[in-house]
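Each chain is listed here by its residues.
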Amino acid sequence: MYVSNFQPGAVTFARRVFFWAGVYGLIVLLPQYFMEQRIGIDYPPAITHPEHFYGFIGLAVAWQLAFLAISRNPMRLRPMMLVAVVEKYSFAIPTAVLLYTGRAPWALAPLAAIDATLGVLFLVSYWRCREPR
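Residues numbered from 1 in each chain as written. Predicted model: local features only at pLDDT ≥ 70, side-chain atom pairs only at ≥ 80, totals over all residues. Heavy atoms only, no water.

Trainee: Explain the overall build of the chain to me, please; I cannot follow it from the model alone.
Mentor: In terms of helices and strands, the chain carries five helices and zero strands. Listed by position from the N terminus, the elements making up the chain come as α-α-α-α-α. Each principal axis of the C-alpha distribution contributes one length, and for the chain these read about 65 × 30 × 20 Å. Within the chain, the proportion of its 133 residues that are buried is 31%. Across the chain, every contact between residues at least 6 apart in sequence was considered, and the portion connecting residues at least 24 apart equals 75%. One finds the centroid of the 11 positive side-chain charges in the chain at a distance of 17 Å from the centroid of its 6 negative side-chain charges. (Helix = DSSP H or I, 4+ residues; strand = E, 2+ residues; numbered from the N terminus. Buried < 20%, exposed > 50% of the residue type's maximum accessible area, 1.4 Å probe, protein only. Contact = heavy atoms within 4.5 Å. Lys, Arg positive; Asp, Glu negative; His and termini not counted. Charge placed at Lys NZ, Arg CZ, Asp CG, Glu CD.)

Structure representation (structure tokens):
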């Protein structure tokens, strides 16, 4: 008897997770293109290498577009889900360390927690979308 490992609703779950992750990311990131001076005032010192700042924002925005692409076809883009987990934890883990050592403002804690949660949801999506054996 053949038993399928594919879970009903797995694709819908992955679509929703990646879609809302992409939307959330764009909402959070796009305004930062206009906040360079404000960030320097609120969290001194001023940004001294704007190319790094804008490069980071641009790269992060590109990842949000990748999340939206994954949401369109989670089964075909399933391998990218693991790379998306790396994207989420490449912010969450260093931010946690920086917070613990007093080198980052605590205002970043909720953002890091959201990224860590999304990383878990990405892993769940990857696991649930596995092919039947």
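Trainee: Help me understand the nonpolar core in this model?
Mentor: Note that soluble globular proteins tend to have their nonpolar side chains buried in a common cluster. Judged by nonpolar contacts, the single largest core of 14 residues is most densely connected at Phe-18, Phe-67, Met-81 and Phe-122. A per-element tally of this core places helix α1 (residues 10-29) first, with five residues. Other than its neighbours up to four places away in sequence, Phe-67 contacts Phe-18, Ala-21, Gly-22, Ala-84, Glu-87, Lys-88 and Phe-122. Core analysis: the next-biggest nonpolar cluster, separate from the first, contains six residues, Leu-26, Leu-29, Ile-57 and Ala-60 among them. (Core = buried A, V, L, I, M, F, W, Y, C linked by side-chain atoms within 4.5 Å.)

Trainee: Explain the pattern of salt bridges here, please?
Mentor: In total, this model carries three salt bridges according to the counting rule given. In this structure, Lys-88 and Asp-115 form a salt bridge, with 3.4 Å as the shortest nitrogen-oxygen distance. Here Lys-88, found in helix α4 (residues 78-100), pairs with Asp-115, found in helix α5 (residues 109-128); they are 27 residues apart in sequence, far enough to count as distant. Residue class for Lys-88 comes out buried when judged on its relative accessible area of 3%. With relative accessibility at 9%, the residue Asp-115 sits in the buried group. Among the charged side chains, a salt-bridge network with shared partners connects Glu-87, Lys-88 and Asp-115. (Salt bridge = Lys/Arg side-chain N within 4 Å of Asp/Glu carboxyl O.)

Trainee: Can you walk me through a nonpolar patch on the surface in this structure?
Mentor: The grouping of Leu-30, Tyr-33, Phe-34 and Met-35 at the surface amounts to a nonpolar patch, some 400 Å² of accessible area in total. With respect to the helices, strands and loops of the structure, Leu-30 is situated in the loop between α1 and α2 (36-42). (Patch = residues over 30% accessible without salt bridge, like charges linked within 9 Å, V, L, I, M, F, W, Y side chains within 5 Å. Areas by Shrake-Rupley, 256 points an atom, 1.4 Å probe, with all protein chains shown as cover.)

Trainee: Looking at this structure, I do not really get α1. What am I missing?
Mentor: An α-helix turns once every 3.6 residues. As a result, residues three or four positions apart point the same way. Between its first and last C-alpha atoms α1 spans 28 Å; for 20 residues at 1.5 Å apiece the expected length is 28 Å, and the two agree. What α1 keeps buried is the set Ala-10, Val-11, Ala-14, Val-17, Phe-18, Ala-21, Gly-22, Gly-25, Leu-26 and Leu-29. Considered in projection along α1, the buried side chains sweep an arc of 155° and stay on one side of the axis. Residues of α1 that are exposed and point over 90 degrees away from its buried face: Arg-16, Trp-20 and Ile-27. Elements in contact with the buried residues of α1: α3 (50-72), α4 and α5. (Expected span 1.5 Å × (residues − 1). Arc of directions from axis to C-beta.)

Trainee: Please explain unusual backbone geometry as it appears in this structure.
Mentor: Across residues other than glycine, the phi torsion is negative in most instances, and most of the peptide bonds are trans. Residue Pro-45 is reached from Pro-44 by a cis peptide bond, and omega for that bond is 5°. In this fold, Pro-45 is placed in the loop between α2 and α3.

Trainee: Mind showing me how you'd approach the layout of surface pockets here?
Mentor: The method is simple in principle: a probe with the dimensions of a water molecule rolls over the atoms, and the space it marks as empty is what remains. Computed from the structure, the largest pocket encloses a volume of approximately 1300 Å³. Forming the boundary of the largest pocket are 38 residues, of which Gln-32, Phe-53, Phe-56, Phe-91 and Leu-108 lie nearest the centre. At the level of secondary structure, the elements contributing two or more residues to the lining of the largest pocket comprise α1, α2, α3, α4 and α5. Along the lines of polarity and charge, the residues of the lining of the largest pocket split into 23 nonpolar, nine polar and six charged. (1 Å grid on protein atoms, 1.4 Å probe; cavity = no way out; pocket = protein on both sides within 12 Å on 5 of 7 lines; lining within 4 Å. Points joined across faces, edges and corners; volume = space filled by probe spheres on them. Nonpolar A, V, L, I, M, F, W, Y, C, P; charged D, E, K, R; others polar.)

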